[in-house]
Amino acid sequence: MTRREVFPIINCSDLASTCAFYERVFAAGQIYRFPEEGEPVYVTLRIGDGQLALGVGTSPTLYGATPLPATGHAVDVCLYVEDLAAVVDAAREAEAQVPLRPSPMPWGETVAYVRDPEGTMLLVIQAPA
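The structure contained in this document is the topic of the report that follows. Given the structure is predicted, the values throughout are model-derived calculations rather than measurements.

### A look at the sheet that holds strand β7 (residues 110-115)
Phase 1 of the analysis: Spatial strand order, β5-β8-β7-β6: four strands in an open sheet with mixed pairing. Of all the strands in the sheet, the pair left with one neighbour each is β5 (76-80) and β6 (100-104). Each strand axis lies, on average, 20° off the axis of its neighbour in the sheet, ignoring direction.
Phase 2 of the analysis: Where β7 meets strand β8 (residues 121-126), six bridges bridge the pair, whose relative direction is antiparallel. Its bridge partner lying in β8, Val 114 is registered against Leu 122.
Phase 3 of the analysis: In the packing of helix α1 (residues 15-26) onto the sheet, contacts are made with β5, β7 and β8, and the angle to β8 comes to roughly 15°.

Now the structure itself:
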């Protein structure tokens, strides 16, 4: 069977604190890290049924350029959660920016925007019950 999946990789200037943020706010669990011992330069996190990877973005990559850790609004990472209010509270406790508090949308979902420690914009969504 061929493995087919898509997941974002966020380039980080501080992988440890960004990883801790996702573990604390979204109950993420590490499913892979490289290297296995010592300080990682790459981790894959499981969040619910999805995956998100974090990599050190401070040196040249295989294609030769050094990625810029999220310094702007190039990508929104979307995360569905069961309890949006609890996630926003945890984000605030982690001193994350919350540019949009939970807001009901006309299509039935409630959404909020949170910035992770690298500045990546997270669209956090709670579906209707």
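### Some points on the nonpolar core
Phase 1 of the analysis: Among the nonpolar cores identified, the biggest contains 28 residues, and Phe 21, Tyr 22, Phe 26, Leu 54, Val 114, Leu 122 and Val 124 are the most heavily contacted of them.
Phase 2 of the analysis: Taken together, the elements giving at least two residues each to this core come down to β1 (9-12), α1, β3 (42-47), β4 (50-56), β5, α2 (84-93), β7 and β8.
Phase 3 of the analysis: Per-element tally for this core: the top contributor is α1, with six residues.
Phase 4 of the analysis: If we skip the residues at most four places from it in the chain, Leu 54 touches Ile 10, Cys 12, Leu 15, Thr 18, Cys 19, Tyr 22, Val 41, Tyr 42, Val 43 and Leu 45.

### Points about unusual backbone geometry
Phase 1 of the analysis: Backbone torsion omega between Phe 34 and Pro 35 reads -10°, so that peptide bond is classified as cis.
Phase 2 of the analysis: In this structure, Pro 35 sits in the loop between β2 (29-34) and β3.
Phase 3 of the analysis: Located in the positive-phi region is Ala 27, a residue other than glycine, with phi close to 55°.
Phase 4 of the analysis: Tracing the sequence through the fold places Ala 27 in the loop between α1 and β2.
Phase 5 of the analysis: With a phi angle near 65°, Glu 95 is a residue other than glycine that sits in the positive phi range.
Phase 6 of the analysis: Tracing the sequence through the fold places Glu 95 in the loop between α2 and β6.
Phase 7 of the analysis: Among the residues examined, Glu 95 registers a relative accessible area of 74% and is labelled exposed.

### Considering the pairing of β4
Phase 1 of the analysis: Among the seven residues in β4, five count as buried, and that is most of the element.
Phase 2 of the analysis: Where β1 meets β4, four bridges bridge the pair, whose relative direction is parallel. By the bridge assignment, Asn 11 is partnered in β4 with Gly 55.
Phase 3 of the analysis: Pairing between β3 and β4: six bridges, direction antiparallel. Paired with Thr 44 across the bridge in β4 is Ala 53.
Phase 4 of the analysis: In sequence, β3 turns back onto β4 through a hairpin of two residues, with Gly 48 there showing a positive phi of about 60°.

Analysis parameters
Residues numbered from 1 in each chain as written. Predicted model: local features only at pLDDT ≥ 70, side-chain atom pairs only at ≥ 80, totals over all residues. Heavy atoms only, no water. Pairing = 2+ DSSP bridges. Helix = DSSP H or I, 4+ residues; strand = E, 2+ residues; numbered from the N terminus. Axes fitted to C-alpha atoms, helices over the stretch in contact; angles between N-to-C directions. Contact = heavy atoms within 4.5 Å. Core = buried A, V, L, I, M, F, W, Y, C linked by side-chain atoms within 4.5 Å. Buried < 20%, exposed > 50% of the residue type's maximum accessible area, 1.4 Å probe, protein only.

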